[in-house]
Amino acid sequence: MALLVYHFTLIRRRGIAPPMELAEGAEQPAGQSEGTPFFPNHLLRSLAVAVFVLAVVVSLAVLFPRPVADLADPYVIPDELVSTWVPVDVSLALIRFLGPWGLVLLGFLGIALALIPLFDRRPERQLRHRPVAAAVGLLFFVGFAVAWLVGTQIRSLPPTARPQAELVGEQSDATSEVLLPELGPTPIRPADTSGGRDP
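About the criteria used
Per-chain numbering applies: the sequence of each chain, read as written, is numbered from 1 onward. For a predicted model such as this one, the threshold for reporting local features is a pLDDT of at least 70, and the threshold for listing and counting side-chain atom pairs is 80 or more; totals across whole chains, interfaces and linings nevertheless cover every residue. Remark: hydrogens and water are excluded; side-chain values derive from all non-hydrogen atoms of the structure. Runs of E in the DSSP output that reach at least two residues are strands. Runs of H or I that reach at least four are helices, and both are numbered from the N terminus. To sort residues, take the accessible area from a 1.4 Å probe on protein chains only and compare it with the maximum for the residue type: under 20% means buried, over 50% means exposed, and anything in between is partly exposed. The contact criterion used is simple: two residues touch if any of their non-hydrogen atoms lie within 4.5 Å. For every accessible area listed, the method is Shrake-Rupley and the probe measures 1.4 Å; residues are considered covered only by the protein chains on display. As a per-residue measure, pLDDT reflects the predictor's confidence and takes values from 0 up to 100. Residues enter patches when they are more than 30% accessible in relative terms and free of salt bridges; like-charged ones are connected within 9 Å and nonpolar ones (Val, Leu, Ile, Met, Phe, Trp, Tyr) within 5 Å. Here, a salt bridge means any Lys or Arg side-chain nitrogen found within 4 Å of an Asp or Glu carboxyl oxygen. Helices are assigned an expected span. That span is 1.5 Å times one less than the residue count. In this analysis, axes come from line fits to C-alpha atoms, helices being fitted only over the stretch in contact, and the angle between any two N-to-C directions falls in the range 0 to 180 degrees. These descriptions rest on fixed angle ranges, namely under 35 degrees for roughly parallel, over 145 for roughly antiparallel, 65 to 115 for roughly perpendicular, and the rest for oblique. Note on ring pairs: Phe, Tyr and Trp rings are taken, using the six-membered ring of Trp, and paired if centres are within 6.5 Å. Classes follow the plane angle, with under 30 degrees stacked, over 60 edge-to-face and the rest tilted. Crossing handedness is defined as follows: a turn of the near helix away from the far one that is anticlockwise and smaller than a right angle gives a left-handed crossing, while the clockwise case is right-handed. We call Asp, Glu, Lys and Arg charged. Ala, Val, Leu, Ile, Met, Phe, Trp, Tyr, Cys and Pro are nonpolar, and the rest, Gly among them, are polar. Each nonpolar core is a collection of buried residues, namely Ala, Val, Leu, Ile, Met, Phe, Trp, Tyr and Cys, held together in the definition by side-chain atoms within 4.5 Å.

## Observations regarding the overall build of the protein chain
In terms of regular secondary structure, the protein chain is built from 7 helices and 0 strands. If you list the helices and strands of the protein chain from N to C, you get α-α-α-α-α-α-α. Classification of the 199 residues of the protein chain by burial places 12% in the buried group. Of the contacts made within the protein chain by residues no fewer than 6 positions apart, 71% connect residues no fewer than 24 positions apart. Accessible surface computed for the protein chain: about 17200 Å², of which carbon and sulfur atoms make up 67%.

## Structural notes on the confidence of the model for the protein chain
A low pLDDT score tells you not to read the predicted coordinates there in detail. When pLDDT is averaged along the protein chain, the result is 75; 65% of the residues meet or exceed 70. Least confident of the elements in the protein chain is helix H7 (residues 164–177), whose mean pLDDT is 48; most confident is helix H6 (residues 131–151), at 92. Confidence drops under pLDDT 50 across residues 158–169; counting only partners more than four residues distant or on other chains, this segment forms 9 contacts.

## Considering a nonpolar patch on the surface
Together, Val49, Phe52, Val53, Leu54, Val56, Val57, Val58, Leu60, Val62, Leu63 and Phe64 give the surface a local cluster of nonpolar side chains, amounting to about 1100 Å² of exposed area. In this structure, Leu54 sits in helix H3 (residues 38–63).

## Considering the side chain of Arg130
Mapped onto the secondary structure, Arg130 falls in the loop between helix H5 (100–119) and H6. If we ignore the near neighbours within four places in the chain, the residues touching Arg130 are Ile116, Asp120, Arg122, Glu124 and Arg125.

## Some points on H6
Given 3.6 residues to a turn, an α-helix orients residues that are three or four positions apart in the same direction. Spanning 21 residues, H6 covers 29 Å between terminal C-alpha atoms, matching the ideal 30 Å at 1.5 Å per step. Looking at the buried residues of H6, the elements they touch are helix H4 (86–98) and H5.

## Comments concerning the packing of H4 against H5
Any two packed helices are characterised by how steeply their axes cross, that is the angle between the axes, and by the distance between the axes. For the pair H4 and H5, interaxial distance at closest approach is 6 Å and the crossing angle is 125°. One way to sum up the angle between H4 and H5 is to call them oblique. Here Val90, Ser91, Leu94, Ile95 and Leu98 of H4 lie close against H5, whose contacting residues are Pro100, Trp101, Gly102, Leu103 and Leu106.

## Structural notes on the packing of aromatic side chains
Considering all chains together, one arrives at 2 aromatic pairs under this definition. On the numbers, 5.3 Å between centres and 80° between planes, the contact of Phe140 with Phe141 is edge-to-face. Overall, the relative accessible area of 54% leaves Phe141 in the exposed class. Each residue in the set Phe140, Phe141 and Phe144 is aromatic and connected to the rest through ring pairs, giving one cluster.

## Focus: the environment of Phe39
By secondary structure assignment, the location of Phe39 is in helix H3. Here the alpha-carbon distance between Phe39 and Phe8, two residues 31 residues apart in the chain, equals 9.9 Å.

## Some thoughts on the packing of H5 against H6
At a minimum axis distance of 9 Å, the contact between H5 and H6 shows a crossing angle of 140°. Looking at the two axes, H5 sits oblique to H6. Between H5 and H6 lies a crossing whose hand is left-handed. The residues of H6 that touch H5, namely those facing Leu106, Leu109, Gly110, Ala112, Leu113 and Ile116, are Ala133, Val136, Gly137, Leu139, Phe140, Phe141 and Phe144. Looking at the contact of H5 with H6 residue by residue, the class counts come to 11 nonpolar, 2 polar and no charged.

## A closer look at the nonpolar core
Counting 8 residues, the largest nonpolar core is built from Val90, Ala93, Leu94, Leu106, Leu109, Phe140, Ala147 and Ile154. For this core, the element with the highest residue contribution is H4, accounting for 3 residues. The residues contacting Leu106, other than those within four sequence positions of it, are Val90, Leu94, Phe140 and Phe144.

Structure follows, in structure tokens:
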């Protein structure tokens, strides 16, 4: 929401980017208006499109649900954890193969892609004239797509999925091999009054 507010603030201050043919220096065609106000015209149209898309997606999800597996049973531990959320798959792949630095790198590319318009103020809008923006965008989206495809193949087992009997057996084996010190107070032995002779 903060990024949307910032985006709309920039649009209010600087206006919406003109068509690409006008950005190259062409003049406004005769008979055409300067455009419509952003508020409320453009904002209401954007809101209407967003509500319509949300209604369609929710309706499709209700009418045609896509179950991941059997219904969840709180008393049965699943054999594997399967995620259908794209960021989870991307994170699994990056951490598995690149470690935490994979998330840092992808996040850095995303932030750089979002901040490019603030630093690159040239009027060119064609990607062939903006190689840095094109390279950063291509690297981010290709990396995201590859990590997503790889992450969909990763399955993770919950740590509690192992049978309890197996865990108990491992603990008994470990305690049988390692002698643990006795806990509690040290027993007090009676003083030797026999003068070294056996009683």
